[in-house]
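Next come the chains, spelled out residue by residue.
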Amino acid sequence: MLLPIRTSIYPGRTPYINYALILINAIIFFVTYGPHEEILFGRLAIVPVHHWAKQLMLIPAQPRIYQFLSYAFLHGSFGHIIGNMYFLYLFGNNVNDKIGHIGYLVFYLAGGIFSGIGHMIANPSSYAYTLGASGAVAAVTGAYLV
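Quick caveat, the model's predicted, so the values are computed rather than measured. (Residues numbered from 1 in each chain as written. Predicted model: local features only at pLDDT ≥ 70, side-chain atom pairs only at ≥ 80, totals over all residues. Heavy atoms only, no water.)

*Asks:* Would you mind going over the environment of Val95 with me for this structure?
*Replies:* Considering the arrangement of structural elements, one finds Val95 in helix H3 (residues 78-99). C-alpha separation for the pair Val95 and Phe107, spaced 12 residues apart in sequence, amounts to 9.7 Å. In contact with Val95, not counting residues within four places along its chain, are Gly100, Tyr104, Val140, Ala143 and Tyr144. (Helix = DSSP H or I, 4+ residues; strand = E, 2+ residues; numbered from the N terminus. Contact = heavy atoms within 4.5 Å.)

*Asks:* Can you walk me through the packing of helix H1 (residues 16-32) against helix H4 (residues 101-122) in this structure?
*Replies:* Packed helices, taken two at a time, are described by the angle between their axes plus the distance between the axes. Relative orientation of the contacting elements H1 and H4 amounts to 40°, with a least axis distance of 9 Å. Here H1 is positioned oblique relative to H4, judged by the angle of their axes. Here Tyr16, Ile17, Asn18, Leu21 and Asn25 of H1 come into contact with H4, specifically with His101, Tyr104, Leu105 and Tyr108. Considered class by class, the residues forming the contact of H1 with H4 number 6 nonpolar, 3 polar and no charged. (Axes fitted to C-alpha atoms, helices over the stretch in contact; angles between N-to-C directions. Parallel < 35°, antiparallel > 145°, perpendicular 65-115°, else oblique. Nonpolar A, V, L, I, M, F, W, Y, C, P; charged D, E, K, R; others polar.)

*Asks:* Which parts of the structure should I look at to understand the environment of Leu69?
*Replies:* As for its position among the elements, Leu69 is in helix H2 (residues 67-70). The exposure class assigned to Leu69 is partly exposed, which follows from its relative accessible area of 34%. The spatial distance from the C-alpha of Leu69 to the C-alpha of Leu131 is 10.0 Å, given a sequence separation of 62 residues. Those residues in contact with Leu69, other than ones at most four positions away along the chain, are Leu109 and Ile113. (Buried < 20%, exposed > 50% of the residue type's maximum accessible area, 1.4 Å probe, protein only.)

Okay, structure coming up:
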């Protein structure tokens, strides 16, 4: 497996919003991840989270408006958050530099919201919990490629 280790473009200004998003994701992960309750994640794995975090995950069959944003700050394992934050750090710095701090924040949040909407449309009757910043990170990675 090949992973990129750097980009050939360096940001002209400090990407504060990207750093803040990485920090917020890490803090929320460590606050919500724990052995208090194991929740079935689809049919593939068990995700240990604190009981109160269950309401923040997106359930496509029973969505709540706030879940379209909150699910994108939750992660199911150390590998999940490390992978997402690695790609966010790698590509997000340049996107943050290019579109500015406020534009980047709105773009990142919109990527998370619209990926949740897309997941709900693709799986309208699913009761499996959905979590992760992968949709928002994919939007940032796509913006970098553009």
